[in-house]
Amino acid sequence: MDKNLIIYNSLTRKKEKFEPIKSPYVGLYVCGPTVYGDAHLGHARPAITFDLLYRYLKHLDYKVRYVRNITDVGHLENDADDGEDKIAKKARLEQLEPMEVVEYFTHRYHENMEALNVLRPNIEPKASGHIIEQQLMAEKIIEHGFAYEVNGSIYFDVEKYNEKHDYGKLSGRKLEDLQSNTRQLEGQDEKKNPFDFALWKKAAPEHIMRWPSKWSEGFPGWHLECSTMSTKYLGEQFDIHGGGMDLLFPHHECEIAQSTAANGKESVKYWMHNNMITINGQKMGKSLGNFITLEELFSGNHKLLEKPYSPMTVRFFILQAHYRSTVDFSNEALQAAEKGLERLLKAGKILQQLIAEKESTVNIDELKANCYQSINDDLNSPILIAHLFEAVRFIYLIKEGKEKINAKDLEQLKNLYQTFVYDILGLQEEQSDNSEFTSDLIDMILTLRLEAKKNKDFSTADKIRDELTKKGITIKDTKDGFEWEQN
RNA sequence: GGUCGGUUGGCCGAGUGGUUAGGCAGUGGUCUGCAAAACCACGUACGGCGGUUCGAAUCCGCCACCGACCUCCA
């Protein structure tokens, strides 16, 4: 298998050839969700983007360890001293144990991901399960002189760090600019500088998520969990770190600083960031309150939705845009995606019925090369899909006898479809909720209609078709029979 | 205000110095008892103004508009 993958590295702002640190092993870490609410369309973007990457890396025969965390502690509502953890806040509001909230939304997240055909990562660590490791990492950073303690809390000393290293290299910021631009929040008097960030926070008395430490009863800072868990499972240096663009600063910038401060070296070779999903041109997000949850999307139960959209439609919709572009939500776009996907999948079924001839009039080798070329180019899924629609055209032309295909090419085309449509893009047929009984019944009715047609009783035939159409069954008459499908 | 990115045909969305992206919608045709599906044909778009060039949507400059990050965020 030729390994010619090129990916855009946010750190260098260039496309680079992907070369693992220790081929064939690849370490992949992606920032997962904070489980204090249902996943929305925005969460589907990184999940699907890095699912595509994971699937393709595996296809290239790399041995991938994919780690995606669950953030269940350490997210402050704001950065003020009495900041309350998001999970704890939700728990207090609903009179639940924090872990109850975490379990509930983690399960729902998994259900959504499964519906979207997003593969499970190899390891899905939780921040709460790595408190000791986080404390050890904080200690290491203190030992190296890059953090300081105030009143039982530990803060990262950005200014000190920046003397030897480059804080801001990922996000392209300069410390002087941050100095003047970082927002001053109340209750931050503890910090030497407003841009310093917490590694450990002493818990206020009413704070329910707390762990003992040598400094205080408290909880770890948000940025620390990713550094700790990626190091633990992928080593001090690993290949790819992914996440949403909105995490680039400060989260990933802080991660770089922490790892470098603790281990003395850069931890990540390639940083990858997916762009945002927008709605009416604005970022979809929790804070703006303009999000549509995946649950709502699948059920159609939201005032902005004209109809429900299946998980595969959502997946295809996202894959039709390149991951580094924004993609704007609209009913029209979703419906276009729905139809396009239907065409692509239907052709896949017809492909299985094609009959090989002696010779080929279609160039499958070229098509295959084009598919690889597009996916290799920084996971250009929209171009890949455009090429797959070429395959769709071939399939129908062959079916109609306007083009021919030999056995070897037919086998190749089937492989191509399997590889790219199902394995790499991760698209699949929606499960039909038809029972065998219902299917048989419809077949029976249509057989009767066929007889009516033979007897030139077109009014009966049309009546049956009209009635079934009303029930959402589309009928297609073929030369000597019929086909049908449920909408 | 600082940093970064975007502006493509009715809609979505690629691309990038000279060649049809693709999907959806639309129009005409073929097929069909009629449909549906499919196939064929058709749209010649790149925010504005300058510049570089034989040639720019693609490079450069200015302007306009939109957005992201700078605070939690996928």
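Parameters and conventions
- Residues numbered from 1 in each chain as written.
- Chains lettered and ligands numbered in written order.
- Predicted model: local features only at pLDDT ≥ 70, side-chain atom pairs only at ≥ 80, totals over all residues.
- Heavy atoms only, no water.
- Domains from an automatic or database assignment.
- Axes fitted to C-alpha atoms, helices over the stretch in contact; angles between N-to-C directions.
- Helix = DSSP H or I, 4+ residues; strand = E, 2+ residues; numbered from the N terminus.
- Parallel < 35°, antiparallel > 145°, perpendicular 65-115°, else oblique.
- Left-handed = near helix turned anticlockwise from the far one by under 90°.
- Contact = heavy atoms within 4.5 Å.
- Core = buried A, V, L, I, M, F, W, Y, C linked by side-chain atoms within 4.5 Å.
- Buried < 20%, exposed > 50% of the residue type's maximum accessible area, 1.4 Å probe, protein only.
- Salt bridge = Lys/Arg side-chain N within 4 Å of Asp/Glu carboxyl O.
- Pairing = 2+ DSSP bridges.

A. Region of the structure containing the domain arrangement of chain A. The assigned domain composition of chain A is domain 1 (17-274), domain 2 (278-424) and domain 3 (436-486). Between the C-alpha centres of domain 1 and domain 3 there is a distance of 57 Å.

B. Broad picture of the packing of helix 1 (residues 41-59) against helix 12 (residues 364-376). Orientation of helix 1 relative to helix 12, taken along the N-to-C sense of each, is 125°, at an axis distance of 12 Å. When the axes of helix 1 and helix 12 are compared, the pair comes out oblique. In the packing of helix 1 onto helix 12, the handedness of the crossing is left-handed. Here Leu-52, Tyr-56 and His-59 of helix 1 lie close against helix 12, whose contacting residues are Tyr-372, Ile-375 and Asn-376.

C. Local environment of the nonpolar core. Residues Leu-297 and Leu-427 are the most contacted members of the largest nonpolar core, which totals 81 residues. Taken domain by domain, this core gets at least three of its residues from each of domain 1 (17-274) and domain 2 (278-424). Phe-105, Ala-147, Trp-211 and Ala-262 belong to the second largest nonpolar core, which has 53 residues in total.

D. Spotlight on the pattern of salt bridges. Per the stated rule, a full pass over the model turns up 20 salt bridges. The closest approach of N and O atoms between Arg-315 and Asp-51, which form a salt bridge, is 2.8 Å. One end of the pair, Arg-315, is in helix 10 (residues 311-319); the other, Asp-51, is in helix 1, with 264 residues separating them in the sequence. Lys-402 is the partner of Glu-400 in a salt bridge, and the nearest nitrogen-oxygen pair spans 3.5 Å. Of the two residues, Glu-400 and Lys-402, neither departs from the other in class, the shared state being exposed. What you see here is one network of salt bridges that share partners, running through Asp-51, Arg-55 and Arg-315.

E. Structural context of the environment of Leu-319. Tracing the backbone shows Leu-319 in helix 10. With relative accessibility at 2%, the residue Leu-319 sits in the buried group. Measuring from C-alpha to C-alpha, the distance between Leu-319 and Leu-52 comes to 8.8 Å, with 267 residues separating the pair along the chain. In contact with Leu-319, not counting residues within four places along its chain, are Ile-48, Leu-52, Ser-381, Pro-382, Ile-385, Leu-425 and Leu-427.

F. Region of interest: the sheet that holds strand 6 (residues 153-156). What the four strands build is an open sheet, ordered 5-6-7-8; its pairing is antiparallel. Only two strands of the sheet have a single neighbouring strand rather than two, namely strand 5 (147-150) and strand 8 (218-220). The average undirected angle you get between the axes of adjacent strands in this sheet is 20°. Where strand 5 lies against strand 6, four bridges are found, and the strand directions are antiparallel. Across the sheet, the residue bridging to Ala-147 is Phe-156, located in strand 6.

G. Structural context of the sheet that holds strand 10 (residues 268-274). Pairing in this open sheet of four strands is parallel, and the strands run 4-3-9-10 from one edge to the other. Because the sheet does not close on itself, it has two edges, and the strands there are strand 4 (63-68) and strand 10. Strand-to-strand twist of the sheet, defined as the mean angle between neighbouring strand axes without regard to direction, takes the value 20°.

H. Layout of the pairing of strand 6. The alternating pattern of strand 6 places Ser-153 and Tyr-155 and Ile-154 and Phe-156 on opposite faces, both of which are buried. Between strand 5 and strand 6, which follow one another and run antiparallel, lie two residues, and Asn-151 among them has a positive phi close to 50°. When strand 6 meets strand 7 (residues 198-202), the two strands line up antiparallel, connected through two bridges. Paired with Ile-154 across the bridge in strand 7 is Trp-200.

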